[in-house]
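Read off the chains here:
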Amino acid sequence: MYLTAIVSLAIALAPAVVSAKGKVGFALGTKMPNGECKFQPDYEADFDTILAASGSKLVRGYAASDCDAAKWILPAAKKKGFQVMLGVWPDTPESFALDKKALTTYVPQYKEQVYGITVGSESLYRGNFTDLELLDKIQDIKQALPYAKVGTADSWNVIRDGKADAIIRAGVDLMLVNAFAFWQGATIENATAVYFDDLMQAFGHIQTVAGGVDSAPELWNGETGWPTTGGTNFKAAEAGTENAKHFYQKGFCAAIDWNVNSFYFEAFDEPWKPLSVGDDGFSADETHWGAMTADRNSKFSLKC
Ligand SMILES: *[C@@H]1O[C@H](CO)[C@@H](O)[C@H](O)[C@H]1NC(C)=O
Ligand SMILES: *[C@@H]1O[C@H](CO)[C@@H](O)[C@H](O)[C@H]1NC(C)=O
């Protein structure tokens with residue numbers, strides 16, 4: 001299955017560029033371990049650590065106005081030669097307006113530092129919008145910042161099931177596909193196969209709806225990862241630093257080798273985060289997903 005999955009994934013990608021490596025990025029939070037907002041020097045220290053540990057100069061955020069993120073992260077990125085995938089949280093009119101304001105204020109001053117903009121992170125999955133409703137918000141941001149690449153991020157199965165088709169057909173610049181073998185309860189032995197299979201199904205669907213590889217948006221794995229020791233297990237998926245290392249090196253890096261651009265979730269542990277409780281009452285620790293500890297030490301090698 002592993003081989004079938006990677007061979008199919010290779011076919012889903014543009015054959016001419018399959019020998020190139022994908023880009024590596026990290027999801028990065030806006031808060032310090034104690035829950036206070038980060039400022040420019042904190043982002044600079046984050047960037048120094050990420051570059052030294054992984055060689056990557058790319059991070060991803062979710063809401064540009066949260067903790068004044070755009071205001072502080074963009075000058076830090078300029079100083080350190082990083083780029084940022086900025087986010088808009090469209091789910092409420094208030095959060096949309098605040099994030100749009102942050103982007104229109106800071107992006108024009110730091111165009112070179114902005115890799116792109118995602119409008120929504122799994123907001124289709126949560127049922128906040130239909131694809132047409134979200135498309136309207138994506139186009140609103142694109143109109144405000146026409147020179148930026150703009151798109152959205154959602155779960156692989158939502159995309160495979162056609163719930164983002166109007167967005168794909170409209171020709172947005174970016175589609176980020178989130179895929180967590182962990183949240184599918186995969187064993188660590190089968191995690192890479194599940195991960196590749198998810199990506200293949202979502203990328204394949206996008207390329208079909210777009211009418212081919214060349215007319216498809218720029219594709220990314222928007223999030224993947226595995227919790228380290230201290231995290232909560234989920235079905236057959238066991239949290240643990242050895243498992244996270246295995247998934248990073250055999251799954252995430254393998255996708256990079258197959259020319260998939262990917263963001264690892266996430267750069268650093270976020271100990272301030274509360275337990276998350278699902279609809280089914282299942283509660284999960286979300287503070288141990290970092291590739292590195294909250295005090296910026298690597299848990300394992302992050303070089304792909
Ligand atoms: C929509 O978004 C808000 C804020 O992110 C969230 O609390 C809510 O549960 C979401 N779902 C629906 C169906 O509105
Ligand atoms: C491993 O993952 C693949 C791809 O999702 C799936 O088809 C297969 O049944 C899985 N194998 C096991 C042993 O769980």
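Parameters and conventions
Residues numbered from 1 in each chain as written. Chains lettered and ligands numbered in written order. Predicted model: local features only at pLDDT ≥ 70, side-chain atom pairs only at ≥ 80, totals over all residues. Heavy atoms only, no water. Phe/Tyr/Trp six-rings, centres within 6.5 Å; stacked < 30°, edge-to-face > 60°. Helix = DSSP H or I, 4+ residues; strand = E, 2+ residues; numbered from the N terminus. Buried < 20%, exposed > 50% of the residue type's maximum accessible area, 1.4 Å probe, protein only. Disulfide = S-S within 2.5 Å. Polar contact = N/O pair within 3.5 Å; in protein donor to acceptor, adjacent residues only side chain to side chain. Contact = heavy atoms within 4.5 Å. 1 Å grid on protein atoms, 1.4 Å probe; cavity = no way out; pocket = protein on both sides within 12 Å on 5 of 7 lines; lining within 4 Å. Points joined across faces, edges and corners; volume = space filled by probe spheres on them. Nonpolar A, V, L, I, M, F, W, Y, C, P; charged D, E, K, R; others polar. Pairing = 2+ DSSP bridges. Axes fitted to C-alpha atoms, helices over the stretch in contact; angles between N-to-C directions. Salt bridge = Lys/Arg side-chain N within 4 Å of Asp/Glu carboxyl O.

Draft legend 1. Here's a closer look at the packing of aromatic side chains. Taken as a whole and judged by the stated rule, the model has 21 aromatic pairs. With a centroid separation of 4.2 Å and an interplanar angle of 10°, the aromatic rings of F47 and F82 are classed as stacked. Of this pair, F47 sits in helix 2 (residues 40-54) while F82 sits in the loop between helix 3 (69-80) and strand 3 (83-88), and the two are 35 residues apart along the sequence. What makes F47 buried here is its relative accessible area of 0%. A relative accessible area of 1% means that F82 is categorised as buried. Site record: aromatic cluster; members linked through ring pairs are F180, F182, W183, Y195, F196, W226, F234, F247, F265, F282 and W289.

Draft legend 2. Expanded view of the environment of K111. Position of K111 relative to the elements: it lies in the loop between helix 4 (93-106) and strand 4 (114-121). Separated by 33 residues in the primary sequence, K111 and K78 have C-alpha atoms spaced 9.8 Å apart.

Draft legend 3. Representation of the state of the cysteines within the structure. Applying the stated criterion across every chain yields a total of 2 disulfides. A sulfur-sulfur separation of 2.1 Å characterises the disulfide bridge that pairs C37 with C67. Taking the torsion about the S-S bond as the criterion, the C37 to C67 disulfide, at about -70°, is left-handed. Note that C37 is positioned in the loop between strand 1 (24-27) and helix 2 and C67 in the loop between strand 2 (58-60) and helix 3, a separation of 30 residues in sequence.

Draft legend 4. Region of interest: the side chain of S56. Mapping S56 onto the fold places it in the loop between helix 2 and strand 2. On the basis of relative accessibility, which here comes to 4%, the residue S56 falls in the buried class. At 2.7 Å, the side chain of S56 forms a polar contact with the backbone oxygen of V24. Each residue touching S56, except ones within four places of it in the same chain, is listed here: V24, G25, F26, I50, L51 and F82.

Draft legend 5. Fine view of empty space enclosed by the protein. Counting across every chain of the model gives 1 cavity of 30 Å³ or more. Here the largest cavity defines a volume of roughly 90 Å³. Considering the residues around the largest cavity, the lining is formed by 15 residues, among which T30, G61, Y62, A69 and I73 are closest to the centre. Within the residue set of the lining of the largest cavity, elements represented by two or more residues are strand 2, helix 3 and strand 3. Examining the composition of the lining of the largest cavity, we find that 3 residues originate from one element, strand 3, more than from any other. Tallied by class, residues from the lining of the largest cavity come to 10 nonpolar, 4 polar and 1 charged.

Draft legend 6. Spotlight on the sheet that holds strand 1. Pairing is parallel around the closed barrel formed by 8 strands, whose spatial order is 1-2-3-4-5-6-7-8. Taking each pair of neighbouring strands and ignoring which way they run, the sheet shows an average axis angle of 25°. As paired elements, strand 1 and strand 2 share 2 bridges and run parallel to each other. Bridging from a neighbouring strand, A27 pairs with R60 of strand 2. Where helix 3 meets the sheet, it contacts strand 2, strand 3 and strand 4, and its direction lies at approximately 165° from that of strand 3.

Draft legend 7. Spatial organisation of unusual backbone geometry. Cis geometry marks the peptide bond from F265 to E266, where omega comes out at 10°. Relative to the elements of secondary structure, E266 occurs in the loop between strand 8 (261-264) and strand 9 (276-277). Positive phi, normally seen in glycine, also occurs at E122, with a value near 60°. Its place among the elements puts E122 in the loop between strand 4 and helix 5 (131-144). Residue E122 is classed as buried on the basis of its relative accessible area of 19%. Even without glycine at this site, R296 takes up a positive phi of about 70°. Position of R296 among the secondary structure elements: in the segment after strand 10 (283-284).

Draft legend 8. Layout of the pattern of salt bridges. Evaluated as defined, the whole model comprises 15 salt bridges. Residue R126 is joined to D91 by a salt bridge in which the shortest nitrogen-to-oxygen separation is 2.5 Å. Taken as a pair, R126 in the loop between strand 4 and helix 5 and D91 in the loop between strand 3 and helix 4 lie far apart in primary sequence, 35 residues in all. Among the residues examined, R126 registers a relative accessible area of 38% and is labelled partly exposed. A relative accessible area of 15% places D91 in the buried class. Here R169 ties to D165 by a salt bridge, and the two come within 3.9 Å at their closest N and O atoms.

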